[in-house]
Amino acid sequence: MAIPVIPSQLTLEIVTPDHALTHADVDEVEIPAEGGYIGVLPGHTPLLTSLQIGEMWYRKGGERFYLAVAYGFAEIQPDHVVVLAQVAERAEDIDVARAEAARRRAESRLSKPPADHDTARARLALMKSLIRLQVSAKARTRV
Ligand code: ATP
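Just so we're clear, the structure is a prediction, and the values are computed from it rather than from any experiment. (Residues numbered from 1 in each chain as written. Predicted model: local features only at pLDDT ≥ 70, side-chain atom pairs only at ≥ 80, totals over all residues. Heavy atoms only, no water.)

*Asks:* Would you explain the overall build of the protein chain in this entry?
*Replies:* A tally of regular secondary structure across the protein chain gives 2 helices and 8 strands. Along its sequence from the N terminus, the protein chain presents helices and strands in the succession β-β-β-β-β-β-β-β-α-α. Sequence-distant contacts in the protein chain: of pairs separated by 6 or more residues, those separated by 24 or more amount to 53%. Approximately 8,300 Å² of the protein chain is accessible, and the part contributed by carbon and sulfur atoms is 54%. Positive and negative side-chain charges in the protein chain, numbering 17 and 19 respectively, have mean positions lying 9 Å apart. (Helix = DSSP H or I, 4+ residues; strand = E, 2+ residues; numbered from the N terminus. Contact = heavy atoms within 4.5 Å. Areas by Shrake-Rupley, 256 points an atom, 1.4 Å probe, with all protein chains shown as cover. Lys, Arg positive; Asp, Glu negative; His and termini not counted. Charge placed at Lys NZ, Arg CZ, Asp CG, Glu CD.)

*Asks:* For this particular structure, what's the right way to read the site of the ligand?
*Replies:* Near the ligand the following residues occur: Val-87, Glu-89, Asp-93, Ile-94, Asp-95, Arg-98, Ala-99, Arg-105, Lys-128 and Arg-132. Here Lys-128 contributes a side-chain N or O atom positioned 2.8 Å from an oxygen atom of the ligand. Residue Arg-132 places a side-chain N or O atom 2.9 Å away from an oxygen atom belonging to the ligand. Elements with a minimum of two residues in the shell around the ligand: β8 (80-90), α1 (96-110) and α2 (119-141). Of the residues belonging to the shell around the ligand, the class tally is 3 nonpolar, no polar and 7 charged. (Near = heavy atom within 4 Å. Polar contact = N/O pair within 3.5 Å; in protein donor to acceptor, adjacent residues only side chain to side chain. Nonpolar A, V, L, I, M, F, W, Y, C, P; charged D, E, K, R; others polar.)

*Asks:* Explain the domain arrangement of the protein chain here, please?
*Replies:* Split into domains, the protein chain comes out as domain 1 (10-92) and domain 2 (94-136). Interface area lost by domain 1 to domain 2 is led by Ile-53, Glu-55 and Ala-91, which between them contribute 47%. Inspection of the region where domain 1 meets domain 2 yields 1 salt bridge. Residue Glu-89 is joined to Arg-132 by a salt bridge in which the shortest nitrogen-to-oxygen separation is 2.8 Å. Taken together, the connections running from domain 1 to domain 2 amount to 4 residue pairs in polar contact (both at pLDDT 80 or more). With 5 residues, the single largest contributor to the side of domain 1 that touches domain 2 is strand β7 (residues 63-77). (Domains from an automatic or database assignment. Buried area = accessible area lost by both parts, 1.4 Å probe. Salt bridge = Lys/Arg side-chain N within 4 Å of Asp/Glu carboxyl O.)

*Asks:* Sorry if this is basic, but what is going on with the pairing of strand β3 (residues 28-33) here?
*Replies:* Remember that side chains alternate between the two faces of the sheet whenever the strand is regular. As defined by bridge partners, β3 adjoins strand β6 (residues 54-60) across 3 bridges and the pair is classed as antiparallel. Residue pairing across strands places Val-29 opposite Tyr-58, the latter belonging to β6. (Pairing = 2+ DSSP bridges.)

*Asks:* Would you mind going over unusual backbone geometry with me for this structure?
*Replies:* For residues that are not glycine, phi is negative in most cases, and the peptide bond is trans in most cases. With a phi close to 65°, Tyr-71 is a non-glycine residue in the positive phi region. Note that Tyr-71 resides in strand β7.

*Asks:* Before we go on, may I ask you to explain the environment of Leu-67 in this structure?
*Replies:* Relative to the elements of secondary structure, Leu-67 occurs in strand β7. Distance in space between the C-alpha atoms of Leu-67 and Gln-134 is 9.8 Å, their sequence separation being 67 residues. Setting aside its immediate chain neighbours within four residues, Leu-67 contacts Ile-14, Leu-21, Gly-54, Glu-55, Met-56, Tyr-58, Glu-89, Arg-90, Ala-91 and Val-135.

*Asks:* Help me out: how do you make sense of the environment of His-44 in this one?
*Replies:* Position of His-44 relative to the elements: it lies in the loop between β4 (36-40) and β5 (47-50). Each residue touching His-44, except ones within four places of it in the same chain, is listed here: Ile-38, Gly-39, Ile-76, Gln-77 and Pro-78.

*Asks:* Honestly, α1 in this entry has me stumped. Any pointers?
*Replies:* At 3.6 residues per turn, the α-helix brings residues three or four places apart onto the same side. Taking 1.5 Å of rise per residue, the 15 residues of α1 would be expected to cover 21 Å, and the 21 Å separating its terminal C-alpha atoms lies within 8% of that figure. Buried within α1 are the following residues: Ala-99, Ala-102 and Ala-106. The buried residues of α1 occupy one face: seen down the axis, they fall within an arc of 60°. In this structure Asp-95 caps α1, since a side-chain oxygen of it lies 3.2 Å from the backbone nitrogen of Ala-97. (Expected span 1.5 Å × (residues − 1). Buried < 20%, exposed > 50% of the residue type's maximum accessible area, 1.4 Å probe, protein only. Arc of directions from axis to C-beta.)

So this is what it looks like as structure tokens:
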């Protein structure tokens, strides 16, 4: 019986409808999957999952790279991961002032009576802004 070969790395592709953000060989990936965060190492079982609004990171050697992602899908294979996100930003590309403004706007909408607005939409906007702020802060503290 043939012994399965475990790949040494993962090829990671992160793509949005607008552009390709990342195409790299990496050692580990963490993804905000629909049911919770999934850690992926080379040799992972094949899996297709939708994405929630969240933080994702990948590791190359001793360095982690963070992104904010929202919606879309991830396809995991033993030797590659493809993230097809509706929205994705690298930590260093996040406009903090814009995310702060989005957070304030969403919080203000949520503080008004529900009949005035779309609460679900405001909640999602708030979640996106908070994830952007969280991811951006990690980029600034990366060692
Ligand atoms: P805003 O209310 O500030 O427009 P949003 O959550 O409505 O934010 P999205 O619809 O999620 O924005 O994204 C629209 C585009 O703007 C995407 O390309 C996304 O990557 C980009 N974008 C949104 N907010 C930021 C940010 N704070 N920094 C960098 N890019 C952002």
